[in-house]
Amino acid sequence: MSQQTFNPINFGFTFTDDGWYTFDRKTATKAALQARNAEAKKLTQAGRIVRKWSSANQLISKGGIGSGRPHIEEVVTVYGFNVEN
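Quick look at the structure, then. (Residues numbered from 1 in each chain as written. Predicted model: local features only at pLDDT ≥ 70, side-chain atom pairs only at ≥ 80, totals over all residues. Heavy atoms only, no water.)

## Notes on the environment of I72
Within the secondary structure, I72 is located in strand β5 (residues 69-84). Sequence-wise, I72 and S61 are 11 residues apart; in three dimensions their C-alpha atoms are separated by 5.5 Å. Setting aside residues up to four positions removed in sequence, I72 forms contacts with F13, F15, W20, Y21, I60, S61 and K62. (Helix = DSSP H or I, 4+ residues; strand = E, 2+ residues; numbered from the N terminus. Contact = heavy atoms within 4.5 Å.)

## Quick look at the packing of aromatic side chains
Under the counting rule described, the total for this entry stands at five aromatic pairs. Look at F6 and F81: their rings are 5.8 Å apart centre to centre, the planes differ by 40°, and that puts the pair in the tilted class. Of this pair, F6 sits in strand β1 (residues 2-6) while F81 sits in strand β5, and the two are 75 residues apart along the sequence. The residues F6 and F81 share a single accessibility class, namely buried. Centre to centre, the rings of F13 and F23 are 6.2 Å apart; their planes meet at 50°, and the pair counts as tilted. Of this pair, F13 sits in the loop between β1 and β2 (14-15) while F23 sits in the loop between β3 (21-22) and α1 (25-45), and the two are 10 residues apart along the sequence. Residue class for F13 comes out buried when judged on its relative accessible area of 11%. (Phe/Tyr/Trp six-rings, centres within 6.5 Å; stacked < 30°, edge-to-face > 60°. Buried < 20%, exposed > 50% of the residue type's maximum accessible area, 1.4 Å probe, protein only.)

## Focus: the pattern of salt bridges
Enumeration according to the criterion identifies three salt bridges in this entry. With its nearest N and O atoms 2.4 Å apart, the salt bridge here joins E74 to R25. Here E74, found in strand β5, pairs with R25, found in helix α1; they are 49 residues apart in sequence, far enough to count as distant. Judged by relative accessible area, R25 falls into the partly exposed class, the value being 37%. Residue E39 pairs with K42 through a salt bridge whose shortest N-O separation is 3.6 Å. Residue E39 and its partner K42 are both found in helix α1; the two are separated by three residues, about one turn of the helix. Owing to a relative accessible area of 22%, E39 belongs among the partly exposed residues under this scheme. (Salt bridge = Lys/Arg side-chain N within 4 Å of Asp/Glu carboxyl O.)

That is the geometry; function is a separate question.
Below, the structure is given as structure tokens:
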């Protein structure tokens, strides 16, 4: 079995030139869910058994000590699936 996750932070979080960040939670969450569903559909069509899931209230951090960026924390829903066979 394998697992893949789709984190909204990876679909819209960017640090800005002024040292802060932008993150449109609604757009990023929608993009992560759509990407998860598209990949799950592709695998299902290829004959794989896909079990989709989501995990709410995940604390994700970016930046911080040693990164040269401020430490930012966001709480998001992470989408994913497990693939059997």
